[in-house]
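In case you want the letters, here they are:
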Amino acid sequence: MSAQDAAKLSFTIDGKEVKAEPGQTILQAAALAGIYIPHLCAMKGLSPWGSCRVCTVLVNGKPQAACTMPVAEGMIVENDTAELKDLRSSIVEMLFVEGNHFCMFCEKSGNCELQAMGYRLGMLQPRHDYMFPTRQVDASHPDVMLDHNRCILCARCIRASKELDGKNVFQFIHRGAHKRIGVDAAGGAGGTNLAVTDKAAEACPVGCIVKKRVGFAVPIGQRLYDTKPIGSHIEAGRAAKE
Amino acid sequence: MTDNASVSRQVCGNFGNDKGRLMDILIGVQAQAGCIAPEALDEIAKSLSMNRVEVESAATFYAFFSDKMRGRFVIRLCNDVIDQLQGADRVAAAFRAELGIEFGQTTADGLFSLAYTPCIGMSDQAPAVLINDRVVTKVSTDMVREIVQTLRTGKSLEHLKLTLGDGNNSHPLVRAMVNNNLRERGAVVFAPYTPGVALQRALSEQPVEIIKIIKASRLRGRGGAGFPTGMKWEFTRAAPGERKFVVCNADEGEPGTFKDRVILTEAPGLVFEGMTIAGYAVGASEGIVYLRGEYAYLLAYLEDVLAKRRAAGLLGRDILGKAGFKFDIRIQLGAGAYVCGEETALLSSCEGKAGNPKTRPPFPAQKGYLDMPTVINNVETHCAAARIVENGPSWFASMGTKASSGTKVFSVSGDCAQPGVYEIPFGITVQELLARVGATDTIAVQVGGASGRMIGPSEFGRQFCFDQLATGGSVMVFGKGRDPLAIAHGFMDFFVEESCGYCTPCRVGTRLLRERLGRFLEGRAEAADLDYLEKTSKVVKNASRCGLGQTAPNPILSTLQSFRSEYERCIKKNGTVFLPSFDPGKAVAVAAGIAGRASEHFGTKKGGVKA
Ligand SMILES: Cc1cc2nc3c(=O)[nH]c(=O)nc-3n(C[C@H](O)[C@H](O)[C@H](O)COP(=O)(O)O)c2cc1C
Ligand code: SF4
Ligand code: SF4
Ligand code: SF4
Ligand code: FES
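Values in this document were obtained by computation on a predicted structure and should not be read as measured data.

(A) Quick look at the interface of chain B and chain A. Listed by partner, the interface residues are 41 residues for chain B and 40 residues for chain A. Interface of chain B and chain A: buried area, both sides summed, is about 3,300 Å²; carbon and sulfur atoms make up 56% of it. When the buried area of chain B at its contact with chain A is split by residue, Val53(B), Tyr502(B) and Arg507(B) rank highest and sum to 18% of it. Summed over the shared surface of chain B and chain A, the result is 5 salt bridges. Across the salt bridge formed by Asp129(A) and Arg516(B), the nearest N and O atoms sit 3.6 Å from each other. Remark: the boundary between chain B and chain A carries 20 residue pairs in polar contact (both at pLDDT 80 or more).

(B) Structural view of the state of the cysteines. All names here are of chain B. Going through the model one piece at a time under the given rule, you end up with 0 disulfides over all chains. Cysteine Cys12 remains unbridged, with the sulfur of Cys35 as its closest cysteine sulfur at 15 Å. The buried category is assigned to Cys12, whose relative accessible area is 0%.

(C) Structural context of the sheet that holds strand β6 (residues 137-138) of chain A. All names here are of chain A. One open sheet accounts for 3 strands, arranged β6-β7-β10; its pairing is antiparallel. Edge strands, defined here as strands with exactly one partner in the open sheet, are β6 and β10 (209-211). Pairing analysis gives 3 bridges linking strand β7 (residues 144-147) to β10, with the strands arranged antiparallel. Bridging from a neighbouring strand, Val144 pairs with Lys211 of β10.

(D) Examining the site of ligand 2 more closely. Residues in contact with ligand 2, as listed here, are Phe96(A), His101(A), Phe102(A), Cys103(A), Cys106(A), Ser109(A), Cys112(A), Leu114(A), Gln115(A), Arg150(A), Val206(A) and Gly207(A). Of the residues contributing to the shell around ligand 2, the split by class is 7 nonpolar, 4 polar and 1 charged.

(E) The arrangement of the packing of aromatic side chains in detail. Taken as a whole and judged by the stated rule, the model has 17 aromatic pairs over all chains. Measuring from centroid to centroid gives 5.1 Å for Trp49(A) and Tyr502(B), while their planes differ by 15°, and the two rings are stacked. You can see Trp49(A) sitting in the loop between α2 (26-32) and β3 (56-59) and its partner Tyr502(B) sitting in the loop between α18 (484-498) and α19 (504-521), one on each of two chains. Taken individually, Trp49(A) and Tyr502(B) each receive the classification buried, so the pair is uniform in this respect.

(F) Molecular detail of the nonpolar core. Counting 200 residues, the largest nonpolar core has Phe170(A) and Trp233(B) as its most contacted members. Ignoring sequence-local partners within four residues, the contact set of Phe170(A) consists of Leu146(A), Cys157(A), Ile158(A), Ser161(A), Ile181(A), Gly182(A), Val183(A), Leu194(A), Ala200(A), Ile209(A) and Val53(B). Ile101(B), Phe112(B), Val144(B) and Leu157(B) belong to the second largest nonpolar core, which has 25 residues in total.

(G) Just the environment of Cys340(B), in detail. Counting through the fold element by element, Cys340(B) comes out in the loop between β8 (328-333) and α14 (343-350). Sequence separation between Cys340(B) and Arg292(B) is 48 residues; the distance between their C-alpha atoms is 8.6 Å.

(H) Inspection of the pattern of salt bridges at higher detail. Residue and element names in this part refer to chain B. Here the structure, examined in full by the defined rule, presents 56 salt bridges over all chains. Note that Glu158 and Arg134 form a salt bridge whose closest N and O atoms lie 2.8 Å from each other. A residue pair is termed long-range when its members are at least 10 positions apart, and Glu158 in the loop between α7 (141-152) and β5 (182-184) and Arg134 in strand β4 (residues 134-136) qualify at 24 residues. Assessed through its relative accessible area of 25%, Arg134 is described here as partly exposed. Between Arg360 and Glu343 there is a salt bridge, with the nearest N and O atoms lying 3.0 Å from each other. In this pair, Arg360 sits in the loop between α14 and β9 (374-378) while Glu343 sits in helix α14, placing the two residues 17 residues apart along the sequence. Taking relative accessible area as the criterion, Arg360 reaches 32% and is therefore assigned partly exposed.

(I) Layout of the domain arrangement of chain B. Residues and elements named next belong to chain B. Partitioning chain B into domains gives domain 1 (4-58), domain 2 (73-162), domain 3 (183-397), domain 4 (407-482), domain 5 (485-570) and domain 6 (581-611). The C-alpha-based centres of domain 2 and domain 4 are spaced at 29 Å. In this complex, domain 2 contributes 6 residues to the contact, which on the side of domain 4 involves 8 residues. It is Ile82, Leu85 and Asp124 that lose the most area in domain 2 upon contact with domain 4, and together they represent 72% of the buried surface on that side. In this structure, the connection of domain 2 to domain 4 is made through 0 salt bridges. Split by residue class, the side of domain 2 that touches domain 4 holds 3 nonpolar, 2 polar and 1 charged.

(J) Here's a closer look at a nonpolar patch on the surface. Residues and elements named next belong to chain A. A cluster of nonpolar side chains, namely Phe102, Met104, Phe105, Tyr130 and Phe132, defines an oily patch on the protein surface of about 650 Å² accessible area. As for its placement among the helices and strands, Tyr130 is situated in the loop between α4 (113-120) and β6. By relative accessible area, Tyr130 is classed as partly exposed at 44%.

(K) Representation of the domain arrangement of chain A. Residue and element names in this part refer to chain A. In terms of domains, chain A is made up of domain 1 (3-80) and domain 2 (102-211). Computed over C-alpha atoms, the centres of domain 1 and domain 2 are 26 Å apart. Each partner contributes to the interface: domain 1 provides 14 residues, whereas domain 2 provides 15 residues. Buried surface at the junction of domain 1 and domain 2, both sides included, amounts to about 1,200 Å², of which 66% is carbon and sulfur. Sorting the residues of domain 1 by area buried against domain 2 places Leu40, Leu46 and Trp49 first, and these three jointly supply 49% of that buried surface. Scanning the region where domain 1 abuts domain 2 turns up 0 salt bridges. In this assembly, domain 1 and domain 2 are joined by 4 residue pairs in polar contact (both at pLDDT 80 or more). In the side of domain 1 that touches domain 2, the residues fall into 10 nonpolar, 4 polar and no charged.

(L) Looking closely at the packing of helix α9 (residues 207-217) of chain B against helix α15 (residues 379-391) of chain B. Residue and element names in this part refer to chain B. Packing of α9 against α15 leaves a shortest axis separation of 10 Å and a crossing angle of 105°. Judged by the inter-axis angle, α9 sits roughly perpendicular to α15. Contacts from Ile210, Ile213, Ile214 and Ser217 of α9 reach α15 at Ala385, Ile388 and Val389. Looking at the contact of α9 with α15 residue by residue, the class counts come to 6 nonpolar, 1 polar and no charged.

Thresholds applied
Residues numbered from 1 in each chain as written. Chains lettered and ligands numbered in written order. Predicted model: local features only at pLDDT ≥ 70, side-chain atom pairs only at ≥ 80, totals over all residues. Heavy atoms only, no water. Contact = heavy atoms within 4.5 Å. Buried area = accessible area lost by both parts, 1.4 Å probe. Salt bridge = Lys/Arg side-chain N within 4 Å of Asp/Glu carboxyl O. Polar contact = N/O pair within 3.5 Å; in protein donor to acceptor, adjacent residues only side chain to side chain. Disulfide = S-S within 2.5 Å. Buried < 20%, exposed > 50% of the residue type's maximum accessible area, 1.4 Å probe, protein only. Pairing = 2+ DSSP bridges. Helix = DSSP H or I, 4+ residues; strand = E, 2+ residues; numbered from the N terminus. Near = heavy atom within 4 Å. Nonpolar A, V, L, I, M, F, W, Y, C, P; charged D, E, K, R; others polar. Phe/Tyr/Trp six-rings, centres within 6.5 Å; stacked < 30°, edge-to-face > 60°. Core = buried A, V, L, I, M, F, W, Y, C linked by side-chain atoms within 4.5 Å. Domains from an automatic or database assignment. Patch = residues over 30% accessible without salt bridge, like charges linked within 9 Å, V, L, I, M, F, W, Y side chains within 5 Å. Areas by Shrake-Rupley, 256 points an atom, 1.4 Å probe, with all protein chains shown as cover. Axes fitted to C-alpha atoms, helices over the stretch in contact; angles between N-to-C directions. Parallel < 35°, antiparallel > 145°, perpendicular 65-115°, else oblique.

As structure tokens, then:
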């Protein structure tokens, strides 16, 4: 065993041993080991958040969010089980019915993490009833558009603006079913200091924050998840190691 | 009309333009300007050097804040399940008729606004309303008429003829129409109290000894979760931090719970003494009481008790002559959010933010208020801790059961002759308690509030204690003729309203569950809906981020267990349901609104609690 391995702690995911540094989350350690744990609100380079709950795993039999739960020596993590797949699918279906997602008209289709997650989890049609909410579109910014119909409240834009751009363009406003993304100006995103080059303009996993005038630059059918399921780059890492 | 911008500037100034005090600033602006308007957000952001959207985030989170001008008198009718069973609907109708407005509206003369609010901690004297920060209890339709007539003439709230309640409710600084309904005093919380005795004893020991004493008493938290208090204090003492804090959770938002209200009214000194002892034990010199906004009527009185304790050397520097030991307490008011009773949401709120829970771990004992080690305990837990130090751990442990030592203060409401507060040793059975409160023909008992469990008569032989029927104090009694499913639906309304919305399963799942349960009440349910309720409840329970979502499906899960036949009875037997989710009544509601008359075929039905 190398000196570096000695500093690491060890735990298992679905029976496979995984080495990790203290302070890492289960999600981070799993990704480095080439194990994909489905996730939406977690994003590399942003602080853990824990809102979508798609990454729910069992830790020593207890449900926990893999993206916020720190690793500990000897913990037993269950990830790829039929029950968890069903739980995750139920949650993803909740996100679908909560907003208005008409993929065939959406610029994000094919690059959308929510859509790709639906495919990966084998979702055909949501088991939940559609809510068809009335939501706004904010087109006030010259270069970026916000279509709240597709927002899944993952807060990636909030964190990216704060942590990567050094700004504070986004924040949640209201609560519960009325919670939504607010922007740092009374009249919409156009009044904020959001720039099209901001990391926050890239961080959205769905078709809520989209850049203007670049739509359909890559044709449908040739997009990220059109060819490979979401998570395959992580699993490819494992395959390369093995 | 006072203008929002200048009021905002002035209020910010009063709090030293400290953004950590944003809650108090928003409360002040709302009270003085009648709303927190867009200009106020700009002005507050400027004064506190914050981003506007951060101010908006907090200002739009709490039910007591409004961006639209509210009336001089904001009337909030409690629509908790118990209040509904005791005639809240009649009171609502009377207010509507007297004022000529609907709930959510303000009268044209700018005098009155009407709103619903969840449990305000008065279930023992329901139906109750809040008018600004005044409580009016046992409201009748006659009283509604009188209240509106008095206030309409331009008189202030002082002119309402309200009978003052017993005990300190009649204290000059309280003057509330609230009764204690303190039916049984036990040996711990409501025994006679002499200020300083417990504290003196504490200060004669080393701090670590105090923690040993609390551990030996086997005291567990009274707020609901039942975590061992001594361990919590030990973790906080051991955690590194330049500052440490002791917080008292007086948010008391769990429906049907009102015992902390009575403790704060009759034994506030004991609460503060317990907090001070906790401060000494863990090495903290600052304390915060998080008092729910609904209890603002107690604020001046509690501030006065604190001032007297400072004057008596029980707070401040060199407390009781102990060189170097300092401790003081401030009161943080909430503004209408049940989730702020959850300890990490409470901390967010104290920090001046929206009341979203924080990610755990780290736990408050490691990183709490301002990221510093923080002890959070319920009001009653602080009282018990002080008594344990005063009378010794074995005295305390000799009461109650092995795993649940001491007494518990119960809040009993609903269908019984003597609703009120009972301090009784742990271990009493449901049957025994029902007999003491004068309940007959009881068909169901809700143990632990909306987030607890509904049990039927087959479980009435069980004991109240942590390993059988755990409760933070709420015991709601339901008699013959009550509908368990309608009650469960009322609780789901509560969770939908109070979810913070941070995480998917709770934000979306609570609404889906309520809708599906509603189908049973409306006779639209199919057999498959039982399975849906069970499965989706489990998803919400297992995947939610905090205790609110993790317990929100309990009304459904526990009635599925105890009252399954009620569900089965409601399943549509004959007739083909093509698409159960499709409610023709709702579908034509908009059109009916435009036409100005209800549909003859599909009048909208609503599942609510039937009295
Ligand atoms: C949604 C929610 C609401 C809560 N409300 C309260 C409350 O009003 N008062 C309280 O003491 N604890 C409440 N709790 C429990 C607290 O999070 C915490 O466990 C408690 O204050 C710890 O004090 P204790 O150990 O003395 O009970 C609530 C928990 C949740 C999840
Ligand atoms: S955001 Fe994603 S899931 Fe929603 S409509 Fe667009 S592609 Fe579909
Ligand atoms: S706008 Fe996009 S990134 Fe921001 S919360 Fe919504 S879905 Fe997430
Ligand atoms: S469970 Fe989630 S949405 Fe519900 S109150 Fe807790 S954090 Fe908020
Ligand atoms: S990825 Fe873990 S909660 Fe969203």
